[in-house]
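The lines below spell out each chain.
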Amino acid sequence: MDEFSPLLGNQPQEGPDLPSPNLRPRHQELIPTPCGPIKPFSELSFPVKVYFCFTIASLLGLLALTLSSIYKQSMVTYIFEDDFTVSLIQLVGILFCIYYIIRGILQENRQELILFVLNVLVVMVRSVVNFSVLPAQDKQELLVRFVCVLCLGVAHVFCTILLIQRPNMMAFRVGGALESLQEQYSLLNLCFSMVTFDLQAQLCLCILILMSGTVSVSNIIILGCGVFWACLTAATGAVAVLKEVKILVLIFVLENIPEVASFVYMLYRIILKWGQDKTYTLEAAAVTGALISVLIKAVLFWALLRLVHSFGQGLRERMFASNKQ
């Protein structure tokens, strides 16, 4: 047992005012951030480090290609406006994917990793659909890019699923051995992830609604206000769940009412013009996006209702505790 004595000697001394060692949070070695503690990069295993760097590099490369496509499509009278709209949505998705993979790996957040997989699948489906409708000559020119996108997508989905199936110790390291705090930490991560996913859905829906109708100054102003309101609502929700402020939770719920009402009005305007264009692609996508947004909000409010009842049990103090504990 002598070889274990240094480890035992480094344990903090128990005192009458300190909780049992099994109940203390194990995140002294974690990095505190405004969104909760994360693991240092050095703590990751070598395969995870390689995959993390590979994913960030591939997303940055895809981001550069998407920006190039958007620039080319905006400089000419582009025939396929649907492609331009999808490129804008893909740009938003890539930016959120970078966030999802960073937080998903460094915080062992399964919800963020699942959202990353969903975004990758959307990019793959979009690539398959676009490639299938191209003329034969264009297919030869884009074949290499198409194969690379599919191969990278399959690799990302496979590796991320492996990460999702790994044991998750963050709830124990942050909340200690108390099952109530571990459950509260899981609910907090679910709420935070749904707030972020809802923001992504709202931004994509704004793009779809803008490109589905006539691009006028009034529509741009209305949707600009919608984007600002969506960002403000997401910020309120994030602060509410992280800081355990019940009044902010109420404000967050109330902020969703005009947000939903504005999109219902815009969808009503789209339905009035339904079928006037040659295709129904953007209109159908806007309606589908609205339904997905409602589903996201339903899951968010369900988790938020459960989380509010757990406020005040000490999780916030453990998450943002000083490293000098």
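Remember, it's a predicted structure, so these values are computed and weren't measured experimentally.

**Examining the pattern of salt bridges**
Part 1 of the reasoning: Throughout the structure, instances matching the rule amount to 4 salt bridges.
Part 2 of the reasoning: Residue Glu183 is joined to Arg306 by a salt bridge in which the shortest nitrogen-to-oxygen separation is 2.8 Å. With Glu183 in helix 7 (residues 179-212) and Arg306 in helix 10 (residues 281-308), this residue pair connects regions lying 123 residues apart in the sequence.
Part 3 of the reasoning: Taking relative accessible area as the criterion, Glu183 reaches 42% and is therefore assigned partly exposed.
Part 4 of the reasoning: Owing to a relative accessible area of 34%, Arg306 belongs among the partly exposed residues under this scheme.

**A word on the confidence of the model for the protein chain**
Part 1 of the reasoning: When pLDDT is averaged along the protein chain, the result is 77, and 77% of the positions lie at 70 or above.
Part 2 of the reasoning: Within the protein chain, the lowest mean pLDDT, 40, falls on helix 1 (residues 5-9), and the highest, 86, falls on helix 2 (residues 46-75).
Part 3 of the reasoning: Below pLDDT 50 for its whole length, residues 1-25 participates in 22 contacts with residues either more than four positions away or in separate chains.

**Overview of the nonpolar core**
Part 1 of the reasoning: In terms of nonpolar packing, the biggest core is built from 60 residues, with Ile101, Ile105 and Phe116 touching the most fellow members.
Part 2 of the reasoning: Among the elements that take part in this core, helix 7 stands out by supplying 15 residues, more than any other.
Part 3 of the reasoning: In contact with Ile101, not counting residues within four places along its chain, are Tyr51, Phe52, Thr55, Ile56, Leu59, Leu113 and Phe116.

**Some thoughts on helix 4 (residues 110-132)**
Part 1 of the reasoning: End to end, helix 4 covers 33 Å across 23 residues, agreeing with the expected 33 Å (1.5 Å per residue, within 8%).
Part 2 of the reasoning: When helix 4 is considered as a whole, its buried residues turn out to be Glu112, Leu113, Leu115, Phe116, Val117, Asn119, Val120, Val123, Met124, Ser127 and Phe131.
Part 3 of the reasoning: Sitting at the amino-terminal end of helix 4 is Asn109, which places a side-chain oxygen 3.0 Å from the backbone nitrogen of Gln111.

**Focus on the packing of aromatic side chains**
Part 1 of the reasoning: Across all of its chains, the model carries 4 aromatic pairs by this definition.
Part 2 of the reasoning: For the pair Phe96 and Tyr100, a centre-to-centre distance of 6.1 Å together with 40° between the ring planes defines the contact as tilted. Taken as a pair, Phe96 and Tyr100 lie in helix 3 (residues 81-106) at a separation of 4 residues, close to a single helical turn.
Part 3 of the reasoning: Phe96 sits in the buried class, given a relative accessible area of 13%.
Part 4 of the reasoning: The class for Tyr100 is buried, based on a relative accessible area of 0%.
Part 5 of the reasoning: With a centroid separation of 6.4 Å and 70° between ring planes, the pair formed by Phe252 and Phe301 is classed as edge-to-face. Note that Phe252 is positioned in helix 9 (residues 246-272) and Phe301 in helix 10, a separation of 49 residues in sequence.
Part 6 of the reasoning: Look at Phe301 and you get partly exposed, because its relative accessible area is 30%.

**Let's talk about empty space enclosed by the protein**
Part 1 of the reasoning: All told, the structure shown has 1 cavity of 30 Å³ or more when counted by the stated rule.
Part 2 of the reasoning: Here the largest cavity is characterised by a volume of approximately 50 Å³.
Part 3 of the reasoning: Contributing to the lining of the largest cavity are Val195, Asp198, Leu199, Gln202, Ala230, Thr233, Ala234, Phe252 and Glu259.
Part 4 of the reasoning: At 4 residues, the largest contribution of residues to the lining of the largest cavity is made by helix 7.
Part 5 of the reasoning: Here the residues of the lining of the largest cavity sort into 5 nonpolar, 2 polar and 2 charged.

Calculation criteria
- Residues numbered from 1 in each chain as written.
- Predicted model: local features only at pLDDT ≥ 70, side-chain atom pairs only at ≥ 80, totals over all residues.
- Heavy atoms only, no water.
- Salt bridge = Lys/Arg side-chain N within 4 Å of Asp/Glu carboxyl O.
- Helix = DSSP H or I, 4+ residues; strand = E, 2+ residues; numbered from the N terminus.
- Buried < 20%, exposed > 50% of the residue type's maximum accessible area, 1.4 Å probe, protein only.
- pLDDT = per-residue confidence, 0-100.
- Contact = heavy atoms within 4.5 Å.
- Core = buried A, V, L, I, M, F, W, Y, C linked by side-chain atoms within 4.5 Å.
- Expected span 1.5 Å × (residues − 1).
- Polar contact = N/O pair within 3.5 Å; in protein donor to acceptor, adjacent residues only side chain to side chain.
- Phe/Tyr/Trp six-rings, centres within 6.5 Å; stacked < 30°, edge-to-face > 60°.
- 1 Å grid on protein atoms, 1.4 Å probe; cavity = no way out; pocket = protein on both sides within 12 Å on 5 of 7 lines; lining within 4 Å.
- Points joined across faces, edges and corners; volume = space filled by probe spheres on them.
- Nonpolar A, V, L, I, M, F, W, Y, C, P; charged D, E, K, R; others polar.

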